[in-house]
Each structure stands twice: as C-alpha cells, then as structure tokens.
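In case you want the letters, here they are:
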Amino acid sequence: MRLYLLRHGKAEAHNVSDAQRRLTPAGVRRMEWAAQVMARLEMRPAAIFSSPRVRSRQTADIVAAALGVEVAERRALDYGFNAANLPALLAELPTDADLLCVGHNPFLPMVVQELSGAQVSMKPGGLARLKLDGGARHGILEWLITPRVFDALETRG
C-alpha cells in the first residue's frame, strides 16, 4: 500500500485561534494547482483523512474534489500525529488500499523519518509518498513533491 502525507496549504497568520486558521487565497490557488497535478499522477487513495484544523480540512476538501474521494476528519492527524497512530487509521481501510493523510509540520516529516529513516522538509502544500510494508511499521520514501515542483508541473491556461 501507499501512504501519502500532505502538509496543509499556506495558512493565514496567527492572528486568530490556531485551530481556526484558514488557507490564504494564494494557499487555496496553490492547492488547487497541486490537486490537479495529483489527479494527473492518477493518485487513487481509498480515503482522505484530515486533521480537524480548518486549514487541513480546506486542503483535504480541495484535493478530494480533484480526486473524487471523500474526506473524513481524524483527531489522530492533529498535533502530535506519529507513526504509532497509523495502524488504527489503516484498519479502517481494505488491506492494500492507499491512504492520503493531511496534517501539520513537524509531525508529517517526523512520520516519514519514523517509517523510512529519511529526513525531509515539508513546506506548506508538500506531498510525500511512502510504500508501506505489512503492518505499517516500515516504509520506503518513494518521492517528495515540493510546492514549487507542483507549480512547475501544473499547466495554467
């Protein structure tokens, strides 16, 4: 199975409650572009799970619309998310189903490292894909797409 980890898009400044921070207009546009690239990559997750924070849910909804997949919020993806949370999330899906999780820094890069040993930096809107072995205790980082790469891959016009 493949596990996709997507950091939420660029969010507004901390002038509101952190849980209520929304994507900026530029963050929405960039995530719409990234979602189109994801669709062209033929990503087919069985589910999209999102942190309950507004910016993550907005990001998940944008991607879900492009991929034709439903979004479900999971508290496990909020602050504190780690690889130990994965078995419960994966138990909700068929054995070989792919999963897209939308969450936060620094937790997503930490999960990449816990599973694969790779140290990565994930800017807002960055996406990692890991191939997981049985039991979700180990994975191989297959690729990481930065927001600037999404921008370069998207055809606007």
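Residues numbered from 1 in each chain as written. Predicted model: local features only at pLDDT ≥ 70, side-chain atom pairs only at ≥ 80, totals over all residues. Heavy atoms only, no water.

Peer 1: Would you mind showing me how to read the packing of aromatic side chains here?
Peer 2: Describing an aromatic ring pair means giving the distance of the ring centres and the angle of the ring planes. One pass over the full model with this rule turns up two aromatic pairs. A centroid spacing of 5.7 Å and a plane angle of 35° characterise the contact between Tyr79 and Phe107, whose relative ring orientation is tilted. Of this pair, Tyr79 sits in the loop between strand E3 (71-73) and helix H3 (86-90) while Phe107 sits in helix H4 (residues 107-116), placing them 28 residues apart in sequence. Overall, the relative accessible area of 41% leaves Tyr79 in the partly exposed class. Positioned above the aromatic ring of Tyr79, the side-chain terminus of Arg53 is 3.8 Å from the ring centre. Above the ring of Phe49, the side-chain terminus of Arg74 is found at 4.6 Å from the ring centroid. (Phe/Tyr/Trp six-rings, centres within 6.5 Å; stacked < 30°, edge-to-face > 60°. Helix = DSSP H or I, 4+ residues; strand = E, 2+ residues; numbered from the N terminus. Buried < 20%, exposed > 50% of the residue type's maximum accessible area, 1.4 Å probe, protein only. Lys NZ or Arg CZ within 6 Å of the ring centre and 35° of its normal.)

Peer 1: So what exactly am I meant to see when it comes to the sheet that holds strand E1 (residues 2-7) here?
Peer 2: Think of a sheet as strands paired side by side through backbone hydrogen bonds, with each pair either parallel or antiparallel. Strand order in this open sheet of six strands is E3-E2-E4-E1-E5-E6, and the pairing throughout is mixed. With partners counted over all chains shown, the strands left at the sheet margins are E3 and strand E6 (139-145), one partner each. In this sheet, neighbouring strand axes are inclined to one another by 25° on average, regardless of whether the strands run parallel or antiparallel. Lying over the sheet, H4 contacts E1, strand E4 (99-103), strand E5 (127-132) and E6, oriented at roughly 155° with respect to E1. (Pairing = 2+ DSSP bridges. Axes fitted to C-alpha atoms, helices over the stretch in contact; angles between N-to-C directions. Contact = heavy atoms within 4.5 Å.)

Peer 1: Could you clarify how one ought to interpret the nonpolar core in this entry?
Peer 2: In globular proteins that are soluble, nonpolar side chains generally tend to be buried together. With 25 residues, the main nonpolar core has Leu5, Phe81, Leu86 and Leu99 as its most contacted residues. Secondary-structure elements contributing two or more residues to this core are E1, strand E2 (47-50), H3, E4, H4 and E5. With five residues, the single largest contributor to this core is H4. With near-sequence residues (within four places) excluded, Leu5 lies in contact with Phe81, Cys101, Leu108, Val111, Val112, Met122, Gly126, Leu127, Ala128 and Leu130. Counting 22 residues, the second-largest nonpolar core is a separate cluster that includes Tyr4, Met43, Ile48 and Leu127. (Core = buried A, V, L, I, M, F, W, Y, C linked by side-chain atoms within 4.5 Å.)

Peer 1: Help me out: how do you make sense of the pattern of salt bridges in this one?
Peer 2: It is possible for side chains bearing opposite charge to pair when their charged atoms get close. Under the definition given, this model contains ten salt bridges. The residue Arg55 makes a salt bridge to Asp18 at a minimum N-O spacing of 3.2 Å. Pair noted here: Arg55 is in helix H2 (residues 54-67) and Asp18 is in the loop between E1 and helix H1 (25-40), with a separation of 37 residues, a long-range link. Look at Arg55 and you get buried, because its relative accessible area is 1%. Arg57 is the salt-bridge partner of Glu73, the closest N and O atoms lying 3.3 Å from each other. Here the residue Glu73 occupies a position in strand E3, and Arg57 occupies one in helix H2, the gap between them amounting to 16 residues. Taken together, the shared-partner salt bridges in this structure form one network comprising Asp18, Arg21, Arg53, Arg55 and Asp78. (Salt bridge = Lys/Arg side-chain N within 4 Å of Asp/Glu carboxyl O.)

Peer 1: Looking at this structure, how should I read the packing of H1 against H2?
Peer 2: Each pair of packed helices can be summarised by the angle the axes make with each other and by the distance between the axes. Across the interface, H1 lies against H2 with an axial gap of 9 Å and an inter-helix angle of 35°. The element H1 and its partner H2 pack so that their crossing is right-handed. Two secondary-structure elements touch here, H1 through Val28, Met31, Glu32, Ala35, Gln36, Met38 and Ala39 and H2 through Thr59, Ile62, Val63, Ala66 and Leu67. Considered class by class, the residues forming the contact of H1 with H2 number nine nonpolar, two polar and one charged. (Left-handed = near helix turned anticlockwise from the far one by under 90°. Nonpolar A, V, L, I, M, F, W, Y, C, P; charged D, E, K, R; others polar.)

Peer 1: Explanation requested: the side chain of Arg129 in the structure shown.
Peer 2: Turning to its location among the elements, Arg129 is positioned in strand E5. Polar side-chain contacts of Arg129 include one of 3.5 Å to the side chain of Tyr4. Apart from residues lying up to four places away in sequence, Arg129 is in contact with Arg2, Leu3, Tyr4, Ile140, Leu141, Glu142 and Trp143. (Polar contact = N/O pair within 3.5 Å; in protein donor to acceptor, adjacent residues only side chain to side chain.)

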